[in-house]
Structures are given as structure tokens and as C-alpha cells.
Amino acid sequence: MSKSGPDFDRIAVSYRMLEYLSFGRDLERARFSLLPHLKDCRRILVLGEGDGRCLEQLVSVTPEAEIDCLDLSPKMLALAQGRLGNSAVSIHFRQADILTTNLPSRHYDAVITCFFLDCFDPEQVHHIVTRVTASLQPGALWLWADFALPAKGPARWRAKLWIAGLYAFFHWQTGLKNRSLPPSELLLKNAGFQPKTHFDFQVGLLRCVFFRSDLSMLLPAT
Ligand SMILES: C[S@@+](CC[C@H](N)C(=O)[O-])C[C@H]1O[C@@H](n2cnc3c(N)ncnc32)[C@H](O)[C@@H]1O
């Protein structure tokens, strides 16, 4: 395992219960609500999957797809693998650091990042978006879910408190270095991904967006 990355092994087993106690089923709603948009995808990259709940739903939507599931935490991967153990679907589980691992060129037609890009600082998110974009086909889909800061009002203050508390918790339990939300949505838009649909939960604290890459952005200039 990367010595510099966070260690989610310690909370892998309790992750689901901690999530339910904090937000009920709303993180699952954020993860699952846009998955039907991926029903025609055939090569899907899932980054920082965690314990396999999103993967399980994905497989029910796209049983024909080849899925690469990448996570730094061996325990999270083992949980995900256990959950999908008897499934006939083609899933390749990889323990790797997204900041350094090699990805195939122009391969995937969709990528999923749920509560993953918020583990990184803005520079790292930019780096990840650039690397992942190079592994996508033109017109590929990006399904993104993360914590978010509502624009104003009590919802914004509530979100600030939750986000500060969550970063403190993950820093304590996993050694996560990043301590604030990166502008991932903006970085994705700047990289040529157009937001198509979104949902907000928990008065804007949780947000998911379905993006499609600009069809022309990956084609060689003529
Ligand atoms: C906050 S959890 C999110 C898990 C799940 N996707 C969800 O929706 O709750 C972040 C996940 O990303 C993984 N992760 C963190 N840094 C990573 C990195 N540099 N490379 C690959 N996976 C990483 C962790 O092991 C963990 O499983």
C-alpha cells in the first residue's frame, strides 16, 4: 500500500454503520440515483469504491459491463469483492493509488467517483481528472457524488460544521491529509465535462452530478 495515502482499512468494516448513523440512507441515495444513466456503458472505471454497495447496484444496472474497481484499501476491496463474490459479471479489483497507477488509454466509457474526490486537494483533483480523462473515450460519462457547500443561509453553516467534523474524523482515523472540499465540480467542468443532471440531498450537503465529456475534446486536432 502507498505509504503516503490514507488508510481506510481501519474503518472499512464500520464505514456503513457510521454512515447510516450520520446520514441515514442519503449517501446511498446520492450514490445510486444517477446509476441508471450508465445502463448502456460497457467499460466502467470505479474509483475509491469502498465497501462495494455502489458496485452491487451498478452491476444490477449494467450486467454486461466490464468493470475495473480501484481502491487503495485492501479491506475495502475485500468487502467489495465479498459482496460481489458470486456475481457472474466481469469485475477486475485492483489495489492501487489513483495518483500514481497506470490507466489504459481511451478505454472506458464511464467513470464513477462517489465521496472520493473530496479525499484530495485541488491540485491532486486536477491531476486525477487529467489522468482519468486520458483513459476515457470521447463522449464518456462521469458520475460524481460528494459533499458540497450550499451557497448561503443556515444550510451553508450546517454544511460547514459537518464538513469540518468529517475531515477531522477522517484525519484522525485514516490519516487523510486533505482538510477541505476541493472544487471538483468546477475542475470537471473546466476539463470539458458538461453537467447533465444533478440531485441534492441533506439540504445541499450531499450532491451528485452526471457529466458527459465534450465529444470533441479527446479527438485529435485536424
Ligand atoms: C471516503 S471513502 C468513499 C467510499 C465510497 N466510494 C463511498 O461512496 O462511500 C474513500 C475511498 O477512497 C479510497 N481512496 C482514498 N485515497 C485513494 C487513492 N489515493 N487511491 C485509490 N483509492 C483511494 C479509500 O480507500 C476509500 O475506500
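Below, the structure is looked at part by part. (Residues numbered from 1 in each chain as written. Predicted model: local features only at pLDDT ≥ 70, side-chain atom pairs only at ≥ 80, totals over all residues. Heavy atoms only, no water.)

Quick word on the packing of helix α1 (residues 15–23) against helix α6 (residues 153–174)
Running from amino to carboxyl end, α1 crosses α6 at an angle of 160 degrees, the nearest separation of the two axes being 14 Å. Comparing the axis directions of α1 and α6 gives the class roughly antiparallel. In this structure, α1 meets α6 at a crossing whose hand is right-handed. Contacts between α1 and α6 involve Tyr15, Leu18, Ser22 and Phe23 from the former and Trp162, Leu166, Phe169 and Phe170 from the latter. (Axes fitted to C-alpha atoms, helices over the stretch in contact; angles between N-to-C directions. Helix = DSSP H or I, 4+ residues; strand = E, 2+ residues; numbered from the N terminus. Parallel < 35°, antiparallel > 145°, perpendicular 65-115°, else oblique. Left-handed = near helix turned anticlockwise from the far one by under 90°. Contact = heavy atoms within 4.5 Å.)

A short note on the side chain of His107
Mapped onto the fold, His107 is located in the loop between β3 (90–95) and β4 (108–114). Of note is the side chain of His107, whose polar atom sits 3.3 Å from the side chain of Arg43. Setting aside its immediate chain neighbours within four residues, His107 contacts Arg43, Ser135, Leu136 and Gln137. (Polar contact = N/O pair within 3.5 Å; in protein donor to acceptor, adjacent residues only side chain to side chain.)

A look at helix α5 (residues 122–134)
Here α5 spans 18 Å end to end across 13 residues, near enough to the 18 Å set by a 1.5 Å rise per residue. Here α5 has its buried residues at Val125, Ile128, Val129, Val132 and Thr133. Buried residues of α5, seen end-on, are gathered within an arc of 125 degrees and therefore sit on one face of the element. Each element contacted by the buried residues of α5 is listed here: β1 (43–47), β4, β5 (136–147), α7 (184–190) and β6 (193–201). For α5, the side-chain oxygen to backbone nitrogen distance between the N-cap and Glu123 is 3.1 Å, and the N-cap itself is Asp121. (Expected span 1.5 Å × (residues − 1). Buried < 20%, exposed > 50% of the residue type's maximum accessible area, 1.4 Å probe, protein only. Arc of directions from axis to C-beta.)

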